[in-house]
Amino acid sequence: MSEQQNPSEAEQAEMPPPAREPVFNLPPVVLAVIGICVAVFLLQQYVLNDTQQMTLLYDGAFIPVLYTGQYGFDWFLLTRPFTYAFMHGGFAHIAINMVWLAAFGSPLANRLGALWFALFFAVTGLASVALFWAVHPYGEAPLVGASGAISGMMGAATRFGFRTDRSTGRAAFAGPVLPIAFVLRLRGVVIFLAMWMIINLATGLLGFVPGMDGQIAWEAHIGGFVAGFFGLRWFDRRWQPPEWETAGHRT
């Protein structure tokens, strides 16, 4: 004699077990960038001696004065504008950058795909050092950190109005890339832009950030942000015209 189940119990028995949410729900390309940054930081802190650390800093960081033509040519001049982004000056520096990278880089990587995200990271990082060099062409202090490229991701986020789609379980920026004139009329975006600019100028000019000893390179942040804000369309291969454009209406 079998036991009879009521309808609710039978339905529950037939339902598949709920899918488990992964602990680290980050795109592989974002995890790769974080992994490289962490590996380089641990190498600097716990493996290399003082002389080796100085060599790595000189060959890997971006030093503006080396690009004025006074010190001749070396092959690292071609790589420093990219490798500097994977180096960080302290625990607070790398921790803050990796948190923001995960927050803004994940939805952007899910939107662009791994290849275009990697290109976006490289180009916005290059734009960061370009503006930093333009402001400090004879500067001797090395520039390190991924914050310039991360600022580019923040600039890209504003072009979507911070809209994200989580229907697939992988948060991605949603909708078309919004026209600049339309974006600048969104209250949330304008408030974000104002606060972002004020914080960067204040921390950069005053040089005060809790837990960080080095000077904040606000110029690099602005360079990356501007590149991400204006250059996103070149990387978003899924871009579709906004509804008001396809309907024959333009703003």
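Residues numbered from 1 in each chain as written. Predicted model: local features only at pLDDT ≥ 70, side-chain atom pairs only at ≥ 80, totals over all residues. Heavy atoms only, no water.

Student: Teacher, can you tell me more about a nonpolar patch on the surface here?
Tutor: The grouping of Val38, Leu42, Leu43, Tyr46 and Val47 at the surface amounts to a nonpolar patch, some 480 Å² of accessible area in total. Topologically, Tyr46 is positioned in helix α2 (residues 28-46). (Patch = residues over 30% accessible without salt bridge, like charges linked within 9 Å, V, L, I, M, F, W, Y side chains within 5 Å. Areas by Shrake-Rupley, 256 points an atom, 1.4 Å probe, with all protein chains shown as cover. Salt bridge = Lys/Arg side-chain N within 4 Å of Asp/Glu carboxyl O. Helix = DSSP H or I, 4+ residues; strand = E, 2+ residues; numbered from the N terminus.)

Student: I tried to follow the packing of aromatic side chains on my own but got confused; where do I start?
Tutor: For any two aromatic rings, the description comes down to two numbers: the centre-to-centre distance and the angle of the planes. Scanning the entire structure with this criterion turns up 11 aromatic pairs. Ring geometry for Phe229 versus Phe230: centroids 5.0 Å apart, planes at 80°, classification edge-to-face. With a relative accessible area of 5%, Phe229 lands in the buried category. An aromatic cluster is present here, built from Trp196, Phe225, Phe229 and Phe230 joined pairwise through their rings. Lying across the ring of Tyr58, Arg80 places its NZ or CZ 5.1 Å from the centre. Sitting over the face of the ring of Phe229, Arg159 holds its NZ or CZ atom 5.4 Å from the ring centroid. (Phe/Tyr/Trp six-rings, centres within 6.5 Å; stacked < 30°, edge-to-face > 60°. Buried < 20%, exposed > 50% of the residue type's maximum accessible area, 1.4 Å probe, protein only. Lys NZ or Arg CZ within 6 Å of the ring centre and 35° of its normal.)

Student: What is the right way to read the nonpolar core from this model?
Tutor: By size, the foremost hydrophobic cluster in this structure holds 44 residues, and its most contacted members are Leu101, Leu108, Phe117, Phe120, Leu143, Met153 and Leu232. When contributions to this core are tallied by element, the ones reaching two or more residues are α2, α5 (91-112), α6 (114-135), α7 (147-159), α9 (187-206) and α10 (218-231). For this core, the element with the highest residue contribution is α5, accounting for seven residues. Leaving out residues up to four positions away in the same chain, Phe117 has contacts with Val29, Val30, Leu101, Gly105, Leu108, Ala109, Leu112 and Met153. (Core = buried A, V, L, I, M, F, W, Y, C linked by side-chain atoms within 4.5 Å. Contact = heavy atoms within 4.5 Å.)

Student: I would appreciate a short explanation of the pattern of salt bridges in the present structure.
Tutor: A side chain with one charge may pair with a side chain of the opposite charge, provided their charged atoms come close. Throughout the structure, instances matching the rule amount to three salt bridges. Residue Asp59 pairs with Arg80 through a salt bridge whose shortest N-O separation is 4.0 Å. Linking Asp59 in helix α3 (residues 50-60) with Arg80 in helix α4 (residues 76-83), this pair joins segments that are 21 residues apart in sequence. The shortest N-O distance in the salt bridge between Asp236 and Arg111 comes to 2.7 Å.

Student: Help me understand unusual backbone geometry in this model?
Tutor: Although it is not a glycine, Phe162 sits at a positive phi angle of roughly 60°. Position of Phe162 among the secondary structure elements: in the loop between α7 and β1 (164-165). Residue Phe162 is classed as partly exposed on the basis of its relative accessible area, which comes to 31%.

Student: What is the right way to look at the confidence of the model for the protein chain in this model?
Tutor: Overall, the prediction assigns the protein chain a mean pLDDT of 85, with 80% of residues at 70 or greater. Here residues 7-13 scores under 50 on pLDDT; set against residues more than four positions off or in separate chains, the count is one contact. (pLDDT = per-residue confidence, 0-100.)

Student: Honestly, the packing of α2 against α5 in this entry has me stumped. Any pointers?
Tutor: When two helices pack together, their arrangement is given by the angle between their axes and by how far apart the axes lie. Two elements in contact, α2 and α5, have axes separated by 9 Å at closest approach and are oriented at 170°. If you check the angle between α2 and α5, you find them roughly antiparallel. Contacts from Val29, Val30, Val33, Ile34, Cys37, Val38 and Phe41 in α2 reach Phe91, Ile94, Met98, Leu101, Ala102, Gly105, Ser106 and Ala109 in α5. (Axes fitted to C-alpha atoms, helices over the stretch in contact; angles between N-to-C directions. Parallel < 35°, antiparallel > 145°, perpendicular 65-115°, else oblique.)

Student: How do you make sense of the environment of Tyr58 when you look at a structure like this?
Tutor: Here Tyr58 shows up in helix α3. Separated by 22 residues in sequence, Tyr58 and Arg80 place their C-alpha atoms 9.0 Å apart. Here Tyr58 is in contact with Ile63, Leu66 and Arg80, once residues within four sequence places are set aside.

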